[in-house]
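Chain by chain, the residues run as shown.
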Number of protein chains: 2
Amino acid sequence: MKFSPILSELINSLKCLPGVGQKTAQRMAFQMLERNREGALALSDALRNAMEHVKHCSQCRTFTESELCDICASPIRQQAGVLCVVESPQDVMAVEQTSEFKGLYFVLMGHLSPIDGIGPAEIGLDSLAQMLDSNPVEEVILATNPTVEGEATAHYIAQMCRSREIKASRIAHGVPVGGELEYLDGSTLTHAFSGRRVL
Amino acid sequence: MKFSPILSELINSLKCLPGVGQKTAQRMAFQMLERNREGALALSDALRNAMEHVKHCSQCRTFTESELCDICASPIRQQAGVLCVVESPQDVMAVEQTSEFKGLYFVLMGHLSPIDGIGPAEIGLDSLAQMLDSNPVEEVILATNPTVEGEATAHYIAQMCRSREIKASRIAHGVPVGGELEYLDGSTLTHAFSGRRVL
Ligand SMILES: [Zn+2]
Ligand SMILES: [Zn+2]
């Protein structure tokens, strides 16, 4: 016996969600049918609405349904003179949660990865150049991930800044607060040592 | 900074899925927006279609968009004279995967739980009575879960069968094939001992 056609279709479609396999999709389908049809219909509407209307901010490339995202549209942010470059919209949220940074962002939506055909154009570096040229940016904080690709991307952008005489800085890597040395990978520990400061 | 309204709505709606919290919902939303808008739109349609059309089989109560599910509609199944009672549609799939059972099912969509106000009517025992009275059932196999509620439900239905002079049997509980004794809970091991067979 197979599931009825409509039910099969629902289970298959749920598998397009990241991290959702056959078993989880079944459990999701049955649970919504049994207990939350209202919620499932709301999700159906929210999915369609988002897929049809959410696009990229014309300045910083993060996701938004407006021409400019809230941050880019904020005069206070524009006047800060600082630009933070991150790989994804989730990274923007992570930085925002610290409430430390009050400047603008630029969201690469990825990182340089020549092997996958992802070059400067694919991560919007032409838009970033425009942003650097048209905004009074004094410092670019490079907050790409501490991976090989993230580092390479940071260095590439640092070069762009240098040619414009804009200061470029890289966020510090090291032992996470609350982290234990013994569980850290060697590369992080190397960063932690080379980035040490005199107390 | 918060997400844009449409994006927030999507993230919140994704949290109606079982096991999906804020972080997972964000990852799902961003990943679909970035890489799979087609899939997300298909999911939107599948959700609406299922919520609007999938109901319960009028005989066995499993989920289907037809009046009778495929199993109930099968003459071979009807003539088998055996009825398997399970708690959920997922249980039907689990039994079907063994290809051992060729009779009809009755899906309780739960189990007796007086403390939660779930009595015989809530798990469709009136429909089950009708099914027993109108079909040539020789044996009812009680395959509810081996929990306190599942056992109580099995005993209640066994009583219904007895009053109709229909044989009722309970699936065996014991050591799962490939399971190791030392990792089993005591209750399963007790079942395994009391249900032992002479070799
Ligand atoms: Zn923006
Ligand atoms: Zn049925």
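Residues numbered from 1 in each chain as written. Chains lettered and ligands numbered in written order. Predicted model: local features only at pLDDT ≥ 70, side-chain atom pairs only at ≥ 80, totals over all residues. Heavy atoms only, no water.

1. Describing the overall build of chain A
Thinking step 1. Broken down by element type, chain A carries eight helices and six strands.
Thinking step 2. The secondary structure elements of chain A, listed N-terminal to C-terminal, are α-α-α-β-β-α-β-α-β-α-β-α-β-α.
Thinking step 3. Against the 2.2 N^0.38 benchmark of 16 Å for 199 residues, chain A shows a C-alpha radius of gyration of 21 Å, more extended than a compact globule.
Thinking step 4. Once the C-alpha set of chain A is aligned to its principal axes, its extents read approximately 65 × 45 × 35 Å.
Thinking step 5. Residue pairs at least 24 apart in sequence account for 48% of intrachain contacts in chain A once pairs closer than 6 positions are excluded.
Thinking step 6. Just so you have it, chain A exposes about 10700 Å², and 53% of that area is on carbon and sulfur atoms.
Thinking step 7. Looking at chain A, you have 17 positive and 24 negative side-chain charges, and the mean spots of the two groups are 5 Å apart. (Helix = DSSP H or I, 4+ residues; strand = E, 2+ residues; numbered from the N terminus. Rg over C-alpha atoms; globule rule 2.2 N^0.38 Å. Contact = heavy atoms within 4.5 Å. Areas by Shrake-Rupley, 256 points an atom, 1.4 Å probe, with all protein chains shown as cover. Lys, Arg positive; Asp, Glu negative; His and termini not counted. Charge placed at Lys NZ, Arg CZ, Asp CG, Glu CD.)

2. Here we look at the coordination of the zinc ion (ligand 1)
Residue and element names in this part refer to chain A.
Thinking step 1. The coordination sphere of the zinc ion (ligand 1), as far as protein atoms go, consists of Cys57 (SG), Cys60 (SG), Cys69 (SG) and Cys72 (SG), spread over 2.3 Å.
Thinking step 2. Classification of the site at the zinc ion (ligand 1) as tetrahedral follows from its four donor atoms and the range of 106 to 119° in their angles at the metal.
Thinking step 3. In primary sequence terms, the donor set of the zinc ion (ligand 1) follows C-x2-C-x8-C-x2-C. (Donors = N, O, S within 2.8 Å, 3.2 Å for Na, K, Ca; no water. Tetrahedral: all angles 85-135°; square planar, octahedral: opposite > 155°, others 65-115°.)

3. Concerning the coordination of the zinc ion (ligand 2)
Residues and elements named next belong to chain B.
Thinking step 1. Taken together, Cys57 (SG), Cys60 (SG), Cys69 (SG) and Cys72 (SG) make up the full set of protein donors to the zinc ion (ligand 2), lying 2.2 to 2.3 Å away.
Thinking step 2. Coordination at the zinc ion (ligand 2) is tetrahedral: its four donor atoms span angles of 104 to 119° at the metal.
Thinking step 3. The sequence motif formed by the donor residues of the zinc ion (ligand 2) is C-x2-C-x8-C-x2-C.
Thinking step 4. Judged by relative accessible area, which is 3%, Cys57 ranks as buried. (Buried < 20%, exposed > 50% of the residue type's maximum accessible area, 1.4 Å probe, protein only.)

4. A short note on unusual backbone geometry
Thinking step 1. Despite not being glycine, Met109(A) shows a phi value in the positive range, around 55°.
Thinking step 2. One can find Met109(A) in the loop between strand S4 (104-107) and helix H6 (125-134).
Thinking step 3. The exposure class assigned to Met109(A) is buried, which follows from its relative accessible area of 17%.
Thinking step 4. Here the phi dihedral of Ser99(B) falls at roughly 60°; this positive angle occurs in a residue that is not glycine.
Thinking step 5. Position of Ser99(B) relative to the elements: it lies in the loop between helix H5 (89-98) and strand S4 (104-107).

5. Some words on the UniProt feature "zinc finger region: C4-type" (unreviewed entry) in chain A
Thinking step 1. The feature "zinc finger region: C4-type" (unreviewed entry), as annotated in UniProt, sits at residues 57-72 of chain A in this numbering.
Thinking step 2. For residues 57-72 of chain A, helix accounts for 0% and strand for 12%, while the C-alpha atoms at its two ends are 8 Å apart. (UniProt positions renumbered as here; feature names shortened; annotations may be inferred.)

6. What about the pairing of S4(A)?
Residues and elements named next belong to chain A.
Thinking step 1. The two faces of S4 match: Leu104 and Phe106 on one face and Tyr105 and Val107 on the other face are all buried.
Thinking step 2. Two strands pair when backbone bridges link them, and strand S3 (residues 82-86) and S4 are joined in this way by four bridges, in the parallel orientation. Bridge pairing in S4 links Cys84 to Tyr105.
Thinking step 3. Read as a crossover between parallel neighbours, the route from S3 over helix H5 (residues 89-98) to S4 is right-handed. (Pairing = 2+ DSSP bridges. Right-handed = clockwise from strand over helix to strand, strands pointing away.)

7. Overview of empty space enclosed by the protein
Thinking step 1. Inspection of every chain in the model, using the stated rule, returns five cavities of 30 Å³ or more.
Thinking step 2. In this structure, the largest cavity spans a volume of roughly 50 Å³.
Thinking step 3. Considering the residues around the largest cavity, the lining is formed by 10 residues, among which Thr64(A), Cys69(A), Asp70(A), Phe3(B) and Ser4(B) are closest to the centre.
Thinking step 4. Residues of the lining of the largest cavity, tallied by class, amount to five nonpolar, three polar and two charged. (1 Å grid on protein atoms, 1.4 Å probe; cavity = no way out; pocket = protein on both sides within 12 Å on 5 of 7 lines; lining within 4 Å. Points joined across faces, edges and corners; volume = space filled by probe spheres on them. Nonpolar A, V, L, I, M, F, W, Y, C, P; charged D, E, K, R; others polar.)

8. A word on the packing of aromatic side chains
Thinking step 1. Taken as a whole, this structure holds six aromatic pairs over all chains when the rule is applied.
Thinking step 2. Taking the centre distance of 5.7 Å and the plane angle of 15° together, the rings of Phe30(A) and Phe63(B) count as stacked. Of this pair, Phe30(A) sits in helix H2 (residues 22-35) while Phe63(B) sits in strand S2 (residues 63-64), which puts the two residues in different chains.
Thinking step 3. Accessibility expressed as a relative area gives 1% for Phe30(A), which makes it buried.
Thinking step 4. Phe63(B) gets classed as buried once you look at its relative accessible area, which sits at 4%.
Thinking step 5. Site record: aromatic cluster; members linked through ring pairs are Phe3(A), Phe30(A) and Phe63(B). (Phe/Tyr/Trp six-rings, centres within 6.5 Å; stacked < 30°, edge-to-face > 60°.)

9. Concerning the relation of the copies chain B and chain A
Thinking step 1. Least-squares fitting of chain B to chain A yields an RMSD of 0.1 Å, with the transformation described by 0.0 Å of translation along the axis and a rotation of 180°. Overall, the copies show the geometry of a two-fold rotation axis. Distance from the rotation axis, computed per C-alpha, reaches its smallest value in chain B at Ser44(B): 2.1 Å. (Least-squares fit on C-alpha atoms with pLDDT ≥ 70 in both.)

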